[in-house]
Amino acid sequence: MTNSSLINASLAQLSQMLASKQVSSVELTHTFLTRIQQHNPVINAYIALDTDKTLAQAHAADARIAAGNAEALTGIPFAQKDIFCAKGWKTTCGSKMLENFVAPYDAHVISQFDAVGAVNLGKTNMDEFAMGSSNETSYFGGVKNPWDFDRVPGGSSGGSAAAVAARLCAAATGTDTGGSIRQPASLCGFTGLKPTYGLVSRYGMIAFASSLDQAGPMAKSAEDCALMMNVMAGFDERDSTSLNRPKEDYARGLSTMTGAQPLKGLRIGLPKEYFAEGLGADVAKVVQDAIAEYRKLGAEIIDISLPNSQLSIPVYYVLAPAEASSNLSRYDGVRYGHRTAEYDDLLDMYMKSRAEGFGAEVKRRILIGTYVLSAGYYDAYYLKAQQIRRLIAQDFTEAFKQCDVIMGPTAPSTAFKAGEKADDPVAMYLQDVYTIATNLAGLPGMSIPAGFSNGLPVGLQIIGNYFDEARMLDVAHAYQQVTDWHQAMPKGIE
Amino acid sequence: MEWAKNGWEVVIGLETHTQLKTNTKIFSGASTTYGAEPNTQACEVSIALPGVLPVLNKEAVECAIRFGLAIDAEIAPRSVFARKNYFYPDLPKGYQISQYELPVVGKGKLTIQVPAGKHSEAYEKTIHITRAHLEEDAGKSVHGAVEGMSGIDLNRAGTPLLEIVTEPDMRSAAEAVAYAKKLHELVQWIDICDGNMQEGSFRCDVNVSVRPKGSDKLGTRREIKNLNSFKFMQQAIEYETQWQIDTLEDGGKIQQATVLFNPDTGETRAMRSKEEANDYRYFPDPDLLPLAVSEADKTRVKALMPELPEAMKARFEAQHGLSSYDAETLTASRGTADYFTAVVQAGAEAKPAANWVMGALSAKLNAEEKTIADSPVSATQLAQLLKRIQDNTVSNNAAKQVFEALWAGEGEVDAIIESKGLKQESDSGAIEAIIDQVLAANAAMVEEFKAGKEKAFNALVGQAMKASKGKANPAQVNEILKKKLS
């Protein structure tokens, strides 16, 4: 078994190799741990590693496989975004505030992976409290884009993104509040899915903006994402916003994506607002080429409009900070987390602990959120934003009367250079201009690799109707059957 | 009242925090048992660890529906949980989950009986309830347990509360206390609260303002926080009212404020003024869905509701022919009503049962500061005693001795009557013999009676009872004596 065939294998292939004993989970895990040792000091994708714990899981997986009760993902090593509490693991959310916080319990997502005997390779770097689009707000330093070390991997799931792209894991988990799975997927050239809000339990996932946060898979292909969704999705009574629906097999339609025109009859909507000013010409070209490919696969292309989409960013930057300002109040230095060394009284302790524990972007959003919720401003900001949020959702409801899926760019540009936008929050916020609306509407969205511009990956975004993940995965899979952009691997880290 | 004479009127509204009798907390599975070691009932949700989420306790919702039904209120088909944001060490999330714009229970009413005062008759009044909403309690700061440090005990954090808010309908401390007592009984009656005021299960905040009598404009109010006894409530309102009137009469102004009552001095003192008040930045909690209560939910809860005091009172009057006063007294608490019902069900006649429950039993319970649930005399025992009065086995007087013996735990009714020799003499021959002796020994009295002195008859009855050592049936004594003297 060559190293390359292991690290580039799909989850289904790995599963098959493990089942047929071509490789053991321990061997596979060692392969990735070795790569992590080699490349992580530069890339900085992982911020917590615990080889003993990881290998213990790999041994347990091998025993389970030997006992003959393995499941699809048993023994496969995954990277977990550091936003998920994992018992006994440092869980920092990319913040100094939680630098020494060891979670005493497992997030639902972690338990789901544990239950099928998957292996946890470590916790991945991220923008502090998931606030950022470049991973530069992490207290633990930026992450290098494996395609160009001078560039950012996107964010907030930047560590998971770099780990997938650099083959430092078989696949990874991420979370997406405004684009934090899809934008890094676009910038690092892999497949990422943000499911319908409520499909994956938020229990144990550290909250940024509760009404928008959603966990999802980050992997090399749509097929891999489907297998991960089978593990991650499902009702959890500990999350009141978790949807109680029958379990479904997200991979059920993949095998039907064969023949010359597997997508015959599929109507793809292209929102004109997503191809307007602000979109890089190079990105537009790649996206249009991908659309042309879809036409060849039998799809019908329809022009649609999402008239309120230009309001997505302003609405998001009222609602998300409002929720965040409240969600982050628990970090007060009283029970856990950072507490300042010296203080005069209670107020002094609060102020110093929070001033020291939070970074600039987090503070900025707490300030915005506190402002928009305060007496006299609530109606003008928070309430108005909620009203517009409904209009934005309405746009999609109308659009889905005309088409089955919506396509467009994931991000306006390819990966930008580290430091390029770090001092310009608004320019940074525009990174999510095409992704935020789906979070506001609670819709599923994904990004798949669609080509390159100047050696940097470009993502195609696919937006589906509520609970239409299986169809979206089919649509992505059909494209990945006839293209190989998703198999490209960055040079220099073989 | 003194101030009423001077042309002032006090206006009072109450906010009551009722701790709901659920097994677990309102948004987690942690236990709500009182008095455990600090932080042993604080699960990951109670501590507000990163990533935890609230899940609403259905039991707490049922309690709220029960209360809504009991006060004939609108129960919202859709209500919303909101976050009330402020920093305090005993508030682990930095916000309290409460209901703000859309509470689960809307407008309702409660009829109170205001007892007679020095200068006033007893009267009835309807107090309007504005709303009742579900929320979570905070933890407690513990000072001094560790030298030089403050501790936080989160056992209570997340305990379910129903906050019940009235309109400013009350016009005296007596009305406020009557309302609080009635509410206190009601929440226990419908079994949503244990009513334990010492442990903080029932806490009242009282809003007090004064205005010239006849004015329809409300004065500036001050809120007396956390009163946990009716006596303190009475004292606090009276002091506060006088203080506000004095302030206004001296040309001062009332500042809106939160005040605390000091039971040692009997005074109220401002804790913080309105200017220092927090901006709580309420917004709907995105972690919780709106609470939906369907007609079916209401019907289901209604079926499990006990008969309410008002209905029971009407039934006691109709079914047992009790006076309105008696029926009211017997239904003033669930314990008394249940006890009375048990006595009647065990075969006693309703009227004497009512008299004994409200009389001898009640007096004895009060004297020994016991609740009716802890009465040493069971309902079955009291019923048996009443049956023995009814069948002339014992006289009323003798029955009181039996009751004392029952209270002291000396055994069952018949055994006590036997061992104490309290059986009533109902053998007319024996009574006649006693009367003959009495008439013979008191010839002078007989003469007086015959001369028209009615009092002499009673004296002769007394002599006969004395001669029988109290055992003779007084009715029979009367009857035979009358016959003999005619």
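Everything numeric in this text was worked out from a predicted model, so none of it was measured.

**Student:** Please clarify how the overall build of chain A should be interpreted in this entry.
**Tutor:** The number of helices and strands found in chain A is 16 helices and eleven strands. For chain A, the C-alpha radius of gyration of 21 Å lies close to 23 Å, the compact-globule estimate for 494 residues. The principal-axis extents of the C-alpha atoms in chain A amount to approximately 70 × 55 × 45 Å. Counting every position in chain A, which comprises 494 residues, the buried fraction comes to 60%.

**Student:** Looking at this structure, how should I read the environment of E454 of chain B?
**Tutor:** Residue and element names in this part refer to chain B. Turning to its location among the elements, E454 is positioned in the loop between helix 15 (443-450) and helix 16 (455-467). Since 8 C-beta atoms lie within 10 Å of it, E454 is described here as exposed. Between the alpha carbons of E454 and K482 there is a distance of 12 Å; along the sequence they are 28 residues apart.

**Student:** Looking at this model, I keep getting lost on unusual backbone geometry. Mind explaining?
**Tutor:** Negative phi values dominate among residues other than glycine, just as trans dominates among peptide bonds. Residues and elements named next belong to chain A. Cis rather than trans, the peptide bond between G155 and S156 has omega equal to 10°. By secondary structure assignment, the location of S156 is in the loop between strand 3 (119-124) and helix 6 (158-165). Unusually for a residue other than glycine, K21 sits at a positive phi of about 60°. Assignment of secondary structure puts K21 in the loop between helix 2 (11-19) and helix 3 (25-43). Non-glycine residue R167 carries a positive phi angle of around 60°. Relative to the assigned elements, R167 resides in the loop between helix 6 and strand 4 (171-175). The exposure class assigned to R167 is buried, which follows from the 23 C-beta atoms found within 10 Å.

**Student:** I would appreciate a short explanation of the confidence of the model for chain B in the present structure.
**Tutor:** When pLDDT is low, close inspection of the predicted coordinates is not appropriate. Per-residue pLDDT for chain B averages 92, and the proportion of residues at 70 or more is 98%. If you check the scores for this complex, the pTM reads 0.91 and the ipTM reads 0.96.

**Student:** How do you make sense of the interface of chain A and chain B when you look at a structure like this?
**Tutor:** The extent of an interface is frequently quoted as the accessible surface area lost upon association of the parts. Each partner contributes residues to the interface: chain A has 35 residues there, and chain B has 25 residues. At the level of secondary structure, the elements contributing two or more residues to the side of chain A that touches chain B comprise helix 10 (312-327), helix 11 (346-357) and helix 12 (360-373) of chain A. With three residues, helix 10 of chain A is the single largest residue contributor to the side of chain A that touches chain B.

**Student:** Can you walk me through the environment of T268 of chain B in this structure?
**Tutor:** Tracing the sequence through the fold places T268 of chain B in strand 13 (residues 267-273). Those residues within four positions of T268 of chain B in sequence are excluded, and the remaining contacts are I224, A236, Y239, E240, W243, V259, L260 and F261 of chain B.

**Student:** Help me understand the environment of W147 of chain A in this model?
**Tutor:** All names here are of chain A. On the secondary structure map, W147 appears in the loop between strand 3 and helix 6. Along the primary structure W147 and A165 are separated by 18 residues, whereas in three dimensions their C-alpha atoms are 8.2 Å apart. Setting aside residues no more than four positions away along its own chain, W147 makes contact with A165, C188, G189, A415, G455, L456, P457 and P490.

**Student:** Explain the sheet that holds strand 3 of chain A to me, please; I cannot follow it from the model alone.
**Tutor:** In a beta sheet, neighbouring strands are held together by backbone hydrogen bonds and run either parallel or antiparallel to one another. Residues and elements named next belong to chain A. Reading across the sheet, the eleven strands line up as 1-3-2-4-6-5-10-11-9-7-8 and stay open at both edges, with mixed pairing between neighbours. Each having just a single partner strand, strand 1 (46-48) and strand 8 (300-304) make up the two edges of the open sheet. With strand direction ignored, the average angle separating the axes of adjacent strands in the sheet is 30°. Bridge analysis of strand 7 (residues 267-271) against strand 8 gives five bridges, and the strand direction is parallel. Among the inter-strand pairings, G269 is bridged to a residue of strand 8, identified as I302. Its contacts with the sheet place helix 16 (residues 469-482) against strand 5 (191-194), strand 9 (405-409), strand 10 (445-453) and strand 11 (456-464), and it is angled at close to 145° to strand 11.

**Student:** Quick question: what am I supposed to make of the sheet that holds strand 3 (residues 81-85) of chain B here?
**Tutor:** Residues and elements named next belong to chain B. Across the sheet, which stays open at both edges, the three strands sit in the order 4-3-14 with antiparallel pairing between neighbours. The strands lining the two open edges of the sheet, one partner per strand, are strand 4 (95-99) and strand 14 (283-284). Pairing analysis gives five bridges linking strand 3 to strand 4, with the strands arranged antiparallel. Bridging from a neighbouring strand, N85 pairs with Y95 of strand 4.

**Student:** Explanation requested: the pairing of strand 9 (residues 160-166) of chain B in the structure shown.
**Tutor:** In summary, the side chains of a regular strand alternate between the two faces of the sheet. Residue and element names in this part refer to chain B. Burial runs high along strand 9: five of the seven residues are buried. Pairing of strand 1 (residues 8-19) with strand 9, which is carried by five bridges, proceeds in the antiparallel orientation. Pairing of Q19 across the sheet is with L161, part of strand 9. Direction of pairing for strand 6 (residues 123-136) relative to strand 9: antiparallel, over a ladder of seven bridges. Bridge assignment links E136 to a residue of strand 9, and that residue is P160.

So, how was this worked out
- Residues numbered from 1 in each chain as written.
- Chains lettered and ligands numbered in written order.
- Predicted model: local features only at pLDDT ≥ 70, side-chain atom pairs only at ≥ 80, totals over all residues.
- Helix = DSSP H or I, 4+ residues; strand = E, 2+ residues; numbered from the N terminus.
- Rg over C-alpha atoms; globule rule 2.2 N^0.38 Å.
- Buried ≥ 20, exposed ≤ 12 C-beta atoms within 10 Å, placed from the backbone.
- pLDDT = per-residue confidence, 0-100.
- Contact = placed C-beta atoms within 7 Å.
- Pairing = 2+ DSSP bridges.
- Axes fitted to C-alpha atoms, helices over the stretch in contact; angles between N-to-C directions.

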